[in-house]
Amino acid sequence: MLAVLAAAIIACSAPAVHDGDTLRCGSERVRLFGVDAPEVRRGSTPAEPLAYEARDELVRLTRGRVGCRFVERDRYQRFVGRCWSDATPDVNAALIRSGFATEYRRYSKGAYHAAEDEARAAGRGHWAKTAR
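Residues numbered from 1 in each chain as written. Predicted model: local features only at pLDDT ≥ 70, side-chain atom pairs only at ≥ 80, totals over all residues. Heavy atoms only, no water.

Q: Before we go on, may I ask you to explain the pattern of salt bridges in this structure?
A: A side chain with one charge may pair with a side chain of the opposite charge, provided their charged atoms come close. The full count for this structure, using the stated rule, is 14 salt bridges. Two residues, Arg 105 and Glu 103, come together in a salt bridge whose shortest N-O distance is 3.5 Å. In the salt-bridge network here, residues are joined through shared partners; they are Glu 103, Arg 105, Glu 116, Asp 117 and Arg 120. (Salt bridge = Lys/Arg side-chain N within 4 Å of Asp/Glu carboxyl O.)

Written as structure tokens, this is what we have:
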């Protein structure tokens, strides 16, 4: 397992995207800090609404080079990070701003509050029905 210090950064080109809040950068699984996306289908458990849209948005946001700054390890030993890419300086905020993911306030402590407010006000993704 890769030893990661608090200020560690990992980088890769064209990461593999698992779902709307998890990607693989080289051998490291990365969980996006402060982002909660709907779950894709697992076995006989169906996908949650907008799960594949969230995944596809993360694919779009992480085209090209990607870097992630280490925040912590989660209970599954994933690298939890704040990421950026050639497409955007803040992948985490952009995904929430798209409306396909929400802020995971339990961990983010309000870091992406403005991004979620923007998505809600614009009626994007998850907020499309409730914004009308």
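Q: Looking at this structure, how should I read the nonpolar core?
A: Most often, soluble globular proteins have nonpolar side chains that are buried together. Leu 23, Val 30, Leu 32, Leu 58, Cys 68 and Leu 95 are the most contacted members of the largest nonpolar core, which has 28 residues in total. Among the secondary structure elements, those contributing two or more residues to this core are strand S1 (9-13), strand S3 (22-25), strand S4 (28-32), helix H1 (51-61), strand S6 (65-73), strand S7 (79-85) and helix H2 (91-98). Of the residues forming this core, the biggest block, five residues, is contributed by H2. Once residues within four sequence positions are removed from consideration, Cys 68 is found in contact with Ala 8, Ile 9, Ile 10, Val 30, Phe 79, Arg 82, Cys 83 and Trp 84. (Core = buried A, V, L, I, M, F, W, Y, C linked by side-chain atoms within 4.5 Å. Buried < 20%, exposed > 50% of the residue type's maximum accessible area, 1.4 Å probe, protein only. Helix = DSSP H or I, 4+ residues; strand = E, 2+ residues; numbered from the N terminus. Contact = heavy atoms within 4.5 Å.)

Q: Explain the environment of Leu 95 here, please?
A: Inspection of the secondary structure assignment puts Leu 95 in helix H2. Setting aside its immediate chain neighbours within four residues, Leu 95 contacts Gly 20, Leu 32, Val 35, Ala 54, Glu 57, Leu 58, Leu 61, Phe 100 and Ala 101.

Q: Can you walk me through helix H4 (residues 113-122) in this structure?
A: Every buried residue belonging to H4 is among Ala 115, Glu 116 and Ala 119, and all of these are buried. Seen end-on, H4 carries its buried residues on one side only, within an arc spanning 95°. Residues of H4 that are exposed and angled more than 90 degrees away from the buried face: Ala 114 and Ala 121. In this fold, the buried residues of H4 make contact with H2, strand S8 (102-103) and helix H3 (105-108). Gly 123 lies just past H4 and shows a positive phi near 65°. (Arc of directions from axis to C-beta.)

Q: Even after reading the chapter, I still don't get the state of the cysteines, so can you show me in this structure?
A: Note on terminology: disulfide describes a covalent bond linking the sulfur atoms of two cysteines. This structure, assessed with the given rule, holds two disulfides. A disulfide bridge connects Cys 12 with Cys 25, and the sulfur atoms are separated by 2.1 Å. Handedness of the Cys 12-Cys 25 disulfide follows from its S-S torsion of about -125°: it is left-handed. Placement of the pair is Cys 12 in strand S1 and Cys 25 in strand S3, with a sequence separation of 13 residues. Classification of Cys 12 as buried rests on a relative accessible area of 16%. Linked covalently through their sulfurs, Cys 68 and Cys 83 form a disulfide whose S-S length is 2.1 Å. Residues Cys 68 and Cys 83 are joined through a disulfide that is right-handed, its torsion about the S-S bond being 105°. Of this pair, Cys 68 sits in strand S6 while Cys 83 sits in strand S7, and the two are 15 residues apart along the sequence. Look at the chain and number its bonded cysteines as they come in the sequence; the links are 1-2, 3-4. (Disulfide = S-S within 2.5 Å.)

Q: Is there a simple way to explain the packing of aromatic side chains in this structure?
A: What describes a pair of aromatic rings is the distance from one ring centre to the other and the angle between the planes of the rings. In total, this model carries three aromatic pairs according to the counting rule given. On the numbers, 5.2 Å between centres and 70° between planes, the contact of Phe 70 with Phe 79 is edge-to-face. According to the relative accessible area criterion, Phe 79 is buried, its value standing at 0%. When the ring centre of Trp 127 is taken as origin, the NZ or CZ atom of Arg 120, which lies over that ring, is 4.3 Å away. (Phe/Tyr/Trp six-rings, centres within 6.5 Å; stacked < 30°, edge-to-face > 60°. Lys NZ or Arg CZ within 6 Å of the ring centre and 35° of its normal.)

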